[in-house]
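# Residue-level structure breakdown
What follows is each chain in one-letter form.
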Amino acid sequence: MAEEVKKQRPPVDPNSAKYKLGKIAADAYALATEAKARGEMVGWCASNFPVEIPETLGLSVCYPENQAAGIAARGAGQTMCEIAEADGYSNDLCAYARVNLAFAKIRESKEQPMPMPDFVLCCNNICDCMFKWYENLARELNIPIFIIDIPLSTTYEPTNEEIEYVSAQFWDVVHGLEKLTGKKWDDEKFKQVMENSCRASRAWLKATSLACHKPSPFNGFDLLNHMAVMVTARGKAEAGEAMETLCREWEENIKNGTSTYRGEEKHRIMFEGIACWPYLRVTSSGLKNRGINMVTTIYADAFGFDYHSFDEMIKLYCMTPNAINLEQSRDKRIRLCKDNHVEGLLVHTNRSCKMWSGFMPEMSRQIGEACNIPVVAFDGDQADPRNFSEAQYETRVQGLAEIMEANKEVR
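The sections below set out a description of the structure shown in this document. Given the structure is predicted, the values throughout are model-derived calculations rather than measurements.

We now examine the overall build of the chain. Across its full length, the chain holds 17 helices and eight strands. When its C-alpha atoms are laid out on the principal axes, the chain stretches across 65 × 65 × 45 Å. Counting every position in the chain, which comprises 411 residues, the buried fraction comes to 57%. The long-range fraction of contacts in the chain, counting pairs at least 24 apart against all pairs at least 6 apart in sequence, stands at 80%. About 18200 Å² of surface is accessible on the chain, with carbon and sulfur atoms providing 51% of the total.

This is the structure we're talking about:
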């Protein structure tokens, strides 16, 4: 019998955005591991903690949420969750937290290794679960914790008092890390890091906005893959250069009438919520098989921070999606839907993220009415595969496709 010849993927062009972004994401872990091996202190950092602090101080940090997403996408989410649950952590807790707490216990993962921390950096502009999660890490690993408290804003934009409150904490953390690590703050380097962060953010936000073209120059699931760099390396110069490359490639797609979305773009939707990482292929193919392109999601734009001053930077950290009130959250999404000619809204009711999912029934109702688009939701989880039903997802997406098709015929 002739041996089966495996198809080999063509090599990735080292000058392409895909290669550059993939390398940056991989280097984030490799550089931290090398720093640890040299005897330097390494931290674990919440994803929307001000990256400008560790980057300016020259500290290597890793992002547990990013690691948990990688572990879940590679199939080990349930195993890690069960390890944490065996230690008494409820399966109602965020799956990112359970995956990370399990990793902190067993200290290994072939799916996504990461050096152990000497300190943790926590910010609750994502959710208050972060506080208890990182407090437990600090207690169990006997390491220091540095916290920035960003309260949920009840006004449409943060007040001057809120900005002053968060600014004071920013500098308290800087001074605490200087004392712990022996690293010294440098104002000139801080300016450069802010420039790097804004450069990457401008290019990223411009790239995501290119979905306003029909057809979109990209498959929306590309956003979920490429945003890892905005989480782990936004303050580095190479992140800005790579994001600008991505933007140029997608602009070239517009000129040529091409796209990374393979197939006819029959319908365009907004995806609401964190990706269902254990079933990324299933959720992607369920849309693609029906000619549906997910062209926008606020989850991707949440990691773009373009500012012109220190106070503006602090203000943006106070305005991440889960730190603002329902009215502003709704209006941001309405703009994305209208700017990108969205025909439907697909909502991931994420068991892990109760803060996000809790207000979505009312918010999505208001978005649907304002944009005159159908809204459907499916149950899932960002890292625990036990909370997702492929059959339910297929049924909901099929229903959404049928409504959008009927609406198109009427128009």
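Attention shifts here to the packing of aromatic side chains. Two aromatic rings are characterised by how far apart their centres lie and by the angle between their planes. What the rule picks out here adds up to 21 aromatic pairs. Ring plane angle 85 degrees and centroid distance 6.3 Å describe the contact between Phe 170 and Trp 185, whose orientation is recorded as edge-to-face. Remark: Trp 185 occurs in the loop between α7 (160–181) and α8 (187–209) and Phe 170 occurs in helix α7; sequence separation between them is 15 residues. Judged by centre distance (6.4 Å) and plane angle (65 degrees), the ring pair of Phe 190 and Phe 310 falls under edge-to-face. Here the residue Phe 190 occupies a position in helix α8, and Phe 310 occupies one in helix α13 (residues 310–317), the gap between them amounting to 120 residues. One aromatic cluster is present, built from ring pairs that chain together Phe 170, Trp 171, Trp 185, Phe 190 and Phe 310.

Once that is clear, we can look at the sheet that holds strand β2 (residues 60–62). The four strands lie next to each other as β2-β1-β3-β4, forming an open sheet whose pairing is parallel. One side of each edge strand has no neighbouring strand; the edge strands of this open sheet are β2 and β4 (145–148). Neighbour-to-neighbour, the strand axes of this sheet turn through a mean angle of 25 degrees, independent of strand direction. In terms of strand pairing, strand β3 (residues 119–123) meets β4 through four bridges, oriented parallel. Across the sheet, residue Cys 122 finds its bridge partner in β4, namely Ile 147.

A separate point is a positive patch on the surface. On the surface, Lys 214, Lys 266, Lys 408 and Arg 411 cluster together into a positively charged patch. As for its position among the elements, Lys 408 is in helix α17 (residues 390–410).

Here the focus is the side chain of Ser 60. For Ser 60, the position within the fold is in strand β2. Judged by its relative accessible area of 16%, Ser 60 falls in the buried class. Here Ser 60 is in contact with Leu 31, Ala 32, Ala 35, Met 41, Val 42 and Gly 43, once residues within four sequence places are set aside.

A few words on the nonpolar core. By size, the foremost hydrophobic cluster in this structure holds 136 residues, and its most contacted members are Tyr 96, Trp 277 and Leu 346. Top element by residues in this core is helix α5 (residues 95–106). It accounts for eight residues. Apart from residues no more than four positions distant in its own chain, Leu 346 is found in contact with Ile 269, Met 270, Phe 271, Glu 272, Leu 287, Val 376, Phe 378, Tyr 393, Val 397 and Leu 400.

This part takes up the pattern of salt bridges. Applying the stated criterion across every chain yields a total of 25 salt bridges. Residue Glu 85 is joined to Arg 386 by a salt bridge in which the shortest nitrogen-to-oxygen separation is 2.6 Å. Here Glu 85 is found in helix α4 (residues 77–86), whereas its partner Arg 386 is found in the loop between β8 (375–380) and α17, with 301 residues between them in sequence. Taking relative accessible area as the criterion, Arg 386 reaches 34% and is therefore assigned partly exposed.

About the thresholds
Residues numbered from 1 in each chain as written. Predicted model: local features only at pLDDT ≥ 70, side-chain atom pairs only at ≥ 80, totals over all residues. Heavy atoms only, no water. Helix = DSSP H or I, 4+ residues; strand = E, 2+ residues; numbered from the N terminus. Buried < 20%, exposed > 50% of the residue type's maximum accessible area, 1.4 Å probe, protein only. Contact = heavy atoms within 4.5 Å. Areas by Shrake-Rupley, 256 points an atom, 1.4 Å probe, with all protein chains shown as cover. Phe/Tyr/Trp six-rings, centres within 6.5 Å; stacked < 30°, edge-to-face > 60°. Pairing = 2+ DSSP bridges. Axes fitted to C-alpha atoms, helices over the stretch in contact; angles between N-to-C directions. Patch = residues over 30% accessible without salt bridge, like charges linked within 9 Å, V, L, I, M, F, W, Y side chains within 5 Å. Salt bridge = Lys/Arg side-chain N within 4 Å of Asp/Glu carboxyl O. Lys, Arg positive; Asp, Glu negative; His and termini not counted. Charge placed at Lys NZ, Arg CZ, Asp CG, Glu CD. Core = buried A, V, L, I, M, F, W, Y, C linked by side-chain atoms within 4.5 Å.

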